[in-house]
Each structure stands twice: as structure tokens, then as C-alpha cells.
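# Observations on chain architecture
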Amino acid sequence: MPVHPYETHLARVARAGEHAAWTPADGPLPALYLSHGAPPLFEDPAWMEELFTWARSMPRPKAVLIVSAHWEEAPLAISSSAGHVTPVYDFGGFDPMYYRMRYDTPEAGALARRVLGALSSENVHETGRGLDHGAWVPLKVMYPEADLPVLQLSLPTADPTSLLGLGGKLRALREEGVLVIGSGFTTHGLPFLTREAITGGVAPGWSRQFDAWAAEALRRGDIDELAAYRAKAPGMPYAHPTVEHFTPLFVTLGAATDPEAPREATIDGFWWGLSRRSFTAA
């Protein structure tokens, strides 16, 4: 029987050896914006290696706080801080094996208290919710040992200014070894994908145009341009018929030391015609 690509990935992880843990001497961890994929990410060896290499390029965090496109809720909420919570299988049509996968992280009570403290001016409540696939799928590739406390924070609005402000309230967590992640997809026009895009790897014009526009705005650190994406970005509304996969980017930028610093891609290219552009914001 052929070996599943994720099993091969785990063998690569085992060969990578020890991952040095974050210490205060390392300074603040960066914030990340990543294009997260769905279960087929586990079938893409090159993409898994890119995500794992990215994780290993940083010290091993003490904990992870992630905002995913797949949990829109206001007022703000955090996922369950209990350990070994069943993940949310919020996808359909994939191999049954993916509905049996787990990501059993340890309890995150200390992280929850710290996040609630950072957001003390907000009306935040803890839920019994597990991590959705925008969180556990990429983390299962980046930190497959599942030995880090992880919490998910809901996406409370689509307003870029409000999300930048939310990210700013999370900035201090980075100084304590918490990795802050915005998880989305730089383009996400699923209703407009063609067979050519999905099976032939040909990115549609609207996806390429939006990606090029976003890349240039990020290189300039032009937050005003990015925030005006609905009106200014080429490829709209096809690139984002709904916007929840782009807006986590503003949480990431808000959490950066300098939200307007130039950004280059850590991962780019296309998957099923969708832009995988992902970046580090120190």
C-alpha cells in the first residue's frame, strides 16, 4: 500500500531533530499570516515542507493563538481551553480518514487567562468549541507533536480598522513567546474555479491579479491600500466573493511591531488556482 504523504512528512519531522524553545532572549516572536489549505494540504509534500520549514525558522513557541477564516463570531470568543478537544470537521467531500484525524493539544488555561487579560476592554467569552480546519490543519503540519497550548480567537468583524486594532491588543503576547497567526487564503474564489484551475494548476486571471496587487501593497507596507481591497483590488469580487479569508491578514498586521513595514512572502504560488501568499510580520 502506498505511504500517505503525511506519513512521509512525519518521518521528515522525526529526522529534523530537536526544536529550540523560545526564550525571552530571542525577543518577540513574529505574527504570521498563512494561507491554510484544507485536508488536501496533507497530500501536498512541497507545501507541507514549506510550512514546516517556516515553523522551524523560528524558536518553538510557548503557545499559539490563531484567528481563522472559519470562525466568525461577535462578541469575541475563544475556543475551549480544555485539553484534547475534538476538532471541528468543517469541510465536506474528502476521504473519511480526514474526519478521524485529531490534534490533541494540552490544556491552555494559562494562555486563556493571558488572552482575556490582553482583551480586557472587549466582551470576550470562552466556548466549548474545538479548533476548526483553518487552525488544526496547518498546525498539524507545522507542529505535528500537538504539544503546544493552542487557542482560537473568533473573527468578530470584517472591518480592517477594527481588526488592526484587535491585532494591536495581541501584540504584547508575542513578547511572551506566543505565536499569533491569522489564517485565511490570499484568494478564495471557490465558486469561480474551473476544472483547468483545479486539475491543471492554471491560476485564473482574477486570482493572479489580486495576488500581484496584494504582493505589491505588502511590499510597500501600504495598509490603506490593503484596507480598501473591496474597491481597489483587481479581481474583486471573484477573488473574495466573501471576505473572511482575507480579513485575518489585518489581525496579523495589527499584531506586528510596525504594521506598515514592508512584507515579502514567506510562501507564495498557487494551489487549485488560489493564491497561497503567506508572510511573516515581525
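The structure we're discussing is the one just above.
Residues numbered from 1 in each chain as written. Predicted model: local features only at pLDDT ≥ 70, side-chain atom pairs only at ≥ 80, totals over all residues. Heavy atoms only, no water.

## Concerning the packing of aromatic side chains
Put simply, the rule reads: We call Phe, Tyr and Trp rings a pair once their centres come within 6.5 Å, taking the six-membered ring for Trp, and we label the pair stacked below 30 degrees between planes, edge-to-face above 60, and tilted otherwise. Buried means the residue's accessible area, taken with a 1.4 Å probe over protein chains only, is under 20% of the maximum for its type, while exposed means over 50%, and partly exposed covers the values in between.
Evaluation of the coordinates by the stated rule reveals 21 aromatic pairs. Here Tyr89 and Phe91 contribute two aromatic rings whose centre-to-centre distance is 6.3 Å and whose plane-to-plane angle is 80°, an arrangement assigned as edge-to-face. For Tyr89, a relative accessible area of 24% gives the class partly exposed. For Phe91, a relative accessible area of 14% gives the class buried.

## Digging into the side chain of Lys140
Quick reminder of the rule: Working definition: helices are DSSP H or I runs of at least four residues, strands are E runs of at least two. Numbering for both runs from the N terminus. His is not counted here, nor are the chain ends, while Lys and Arg score as positive and Asp and Glu score as negative. Here, a salt bridge means any side-chain nitrogen of Lys or Arg that lies within 4 Å of a carboxyl oxygen of Asp or Glu. Note on contacts: a residue pair is in contact if any heavy atoms of the two residues lie within 4.5 Å.
Inspection of the secondary structure assignment puts Lys140 in helix H4 (residues 133-142). At 8.0 Å, Asp104 is the nearest oppositely charged side chain to Lys140, a buried residue that forms no salt bridge. The contact partners of Lys140, leaving out residues within four places of it in the chain, are Tyr6, Phe42, Met101, Arg102 and Tyr103.

## Quick notes on the layout of surface pockets
Unoccupied space between atoms shows up once a probe the size of one water molecule is rolled over them. Selection criterion: Using only the protein atoms, space was sampled on a 1 Å grid; points where a 1.4 Å probe fits but cannot get out form cavities, open sets with protein on both sides within 12 Å along at least five of seven lines form pockets, and lining residues are those with an atom within 4 Å of a point. Grid points are joined across faces, edges and corners, and a volume is the space filled by probe spheres set on the points. Note on residue categories: nonpolar means Ala, Val, Leu, Ile, Met, Phe, Trp, Tyr, Cys or Pro, charged means Asp, Glu, Lys or Arg, and polar means any other residue, Gly included.
What the largest pocket holds in volume is close to 240 Å³. Lining the largest pocket we find 16 residues, and of these Ala38, His188, Leu190, Trp271 and Trp272 sit closest to its centre. Across the lining of the largest pocket, the residue classes tally to 10 nonpolar, 6 polar and no charged. Its volume calculated, the second largest pocket comes out at about 160 Å³. Every residue along the wall of the second largest pocket is listed here: Lys62, Ala63, Glu107, Ala108, Ala110, Leu111, Arg114, Pro149, Glu176 and Val178.

## Re unusual backbone geometry
Here the bond from Ala74 into Pro75 is cis, since omega is -5°, no more than 30 degrees from zero. With respect to the helices, strands and loops of the structure, Pro75 is situated in the loop between strand S2 (63-72) and strand S3 (77-78). Between Met236 and Pro237 the backbone carries a cis peptide bond, its omega angle lying at 0°. Here Pro237 shows up in the loop between helix H9 (229-232) and helix H10 (248-255).

## A word on the nonpolar core
What counts is decided by this rule: Working definition of a nonpolar core: buried Ala, Val, Leu, Ile, Met, Phe, Trp, Tyr and Cys residues. They are joined through side-chain atoms within 4.5 Å.
With 84 residues, the main nonpolar core has Phe42, Tyr143, Leu153 and Leu226 as its most contacted residues. Apart from residues lying up to four places away in sequence, Tyr143 is in contact with His19, Ala55, Met58, Pro61, Tyr103, Leu148 and Leu179.

## Some words on the pattern of salt bridges
Scanning the entire structure with this criterion turns up 13 salt bridges. The partner of Arg220 in a salt bridge is Asp222, with the nearest N and O atoms 3.1 Å apart. Of the residues examined, Arg220 reaches a relative accessible area of 42% and is grouped as partly exposed. The exposure class assigned to Asp222 is partly exposed, which follows from its relative accessible area of 23%. Among the charged side chains, a salt-bridge network with shared partners connects Glu216, Arg219, Arg220, Asp222 and Glu264.

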